[in-house]
Amino acid sequence: MGLLDRLSGLLGLKKKEVHVLCLGLDNSGKTTIINKLKPANAQSQDIVPTIGFSIEKFKSSSLSFTVFDMSGQGRYRNLWEHYYKDGQAIIFVIDSSDRLRMVVAKEELDTLLNHPDIKHRRIPILFFANKMDLRDAVTSVKVSQLLCLENIKDKPWHICASDAIKGEGLQEGVDWLQDQIQTAKT
Ligand SMILES: Nc1nc2c(ncn2[C@@H]2O[C@H](COP(=O)(O)OP(=O)(O)OP(=O)(O)O)[C@@H](O)[C@H]2O)c(=O)[nH]1
Ligand SMILES: [Mg+2]
């Protein structure tokens, strides 16, 4: 750590760093969400399907997030578990208009929740019921029922309806995550 870093840390100017995993099926909108959380001048105009994973950064009022934006494609999903240990929070994104694959999203969530590196930790999970702008989208309450979120008793979780293209619902989610992380550390 450099002298400047240390000084700004001591003065409380430096934001706490948090490692977050962004998970969910391909095409659910993970990269679009993370991109929208960056300052306008750092946002990419061209979002393409993620290959493997990509490391992104964004800040909230008091935290500095490093996000592992994982690919949701079937062939890359086995990469997710290698990053569970270092994750301090999870953002799980669902395409609310993709009724057909909701059951696959649930399977992936259940596998995640039962993983030894996750199962016994009080890691906060923020769900985005994304693509709310689409006509076929079901409500966040319905998404929560389809994924049986009420069964998650040992971890703090929260679900937000979002439209990542317009950026709606994202701030509410990040505010919740920030609160959880700060409460856990104090
Ligand atoms: N209508 C609508 N489209 C969205 C929304 N969020 C993302 N998209 C679109 O959905 C497509 C997939 O978005 P990505 O952000 O690449 O999805 P991803 O989850 O990162 O996908 P992988 O990287 O393949 O796992 C893109 O065409 C986005 O523009 C949303 O809220 N509403
Ligand atoms: Mg992506």
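Let me sum up the structure you'll find in this document. The structure displayed is predicted, hence computed values, not measured ones.

For Ser60, the position within the fold is in the loop between β2 (53-59) and β3 (63-70). The contacts of Ser60, once residues within four sequence positions are left out, are Lys15, Phe65, Val174 and Gln178.

It is worth spelling out the coordination of the magnesium ion (ligand 2) at this point. Bound to the magnesium ion (ligand 2) are the protein donor atoms Thr31 (OG1) and Thr50 (OG1), situated 2.0 to 2.1 Å from the metal. Of this pair, Thr31 sits in helix α2 (residues 30-36) while Thr50 sits in the loop between α2 and β2, and the two are 19 residues apart along the sequence. A relative accessible area of 12% means that Thr50 is categorised as buried.

Where strand β5 (residues 125-130) meets strand β6 (residues 157-161), five bridges bridge the pair, whose relative direction is parallel. The residue bridging Phe127 from the neighbouring strand is Ile159, located in β6. Following the backbone out of β5, through helix α5 (residues 140-146) and into the adjacent parallel β6, one traces a crossover that is right-handed.

With that out of the way, let us pick up the site of ligand 1. Around ligand 1 lies a shell of 20 residues, among which Lys30, Thr32, Gly72, Asp133 and Ala164 are the nearest. One of the backbone nitrogen or oxygen atoms of Ser28 is found 3.3 Å away from an oxygen atom of ligand 1. Taking Thr50, its main chain carries an N or O atom lying 2.8 Å from an oxygen atom of ligand 1. One can see that ligand 1 is located within the largest pocket. Top contributing element to the shell around ligand 1 by residue count: α2, with three residues. Residue classes in the shell around ligand 1 are distributed as six nonpolar, nine polar and five charged.

Across the sheet, which stays open at both edges, the six strands sit in the order β2-β3-β1-β4-β5-β6 with mixed pairing between neighbours. Sheet topology places β2 and β6 at the edges, where each strand pairs with a single neighbour. Averaged over all adjacent pairs, the angle separating strand axes in this sheet is 25°, with direction ignored. The strands touched by helix α3 (residues 102-113) within the sheet are β1 (16-23), β4 (89-95) and β5, with β4 carrying the most contacts at an inclination of about 165°.

Definitions and cut-offs
- Residues numbered from 1 in each chain as written.
- Chains lettered and ligands numbered in written order.
- Predicted model: local features only at pLDDT ≥ 70, side-chain atom pairs only at ≥ 80, totals over all residues.
- Heavy atoms only, no water.
- Helix = DSSP H or I, 4+ residues; strand = E, 2+ residues; numbered from the N terminus.
- Contact = heavy atoms within 4.5 Å.
- Donors = N, O, S within 2.8 Å, 3.2 Å for Na, K, Ca; no water.
- Buried < 20%, exposed > 50% of the residue type's maximum accessible area, 1.4 Å probe, protein only.
- Pairing = 2+ DSSP bridges.
- Right-handed = clockwise from strand over helix to strand, strands pointing away.
- Near = heavy atom within 4 Å.
- Polar contact = N/O pair within 3.5 Å; in protein donor to acceptor, adjacent residues only side chain to side chain.
- 1 Å grid on protein atoms, 1.4 Å probe; cavity = no way out; pocket = protein on both sides within 12 Å on 5 of 7 lines; lining within 4 Å.
- Sits in = over half its atoms within 2 Å of the grid points.
- Nonpolar A, V, L, I, M, F, W, Y, C, P; charged D, E, K, R; others polar.
- Axes fitted to C-alpha atoms, helices over the stretch in contact; angles between N-to-C directions.

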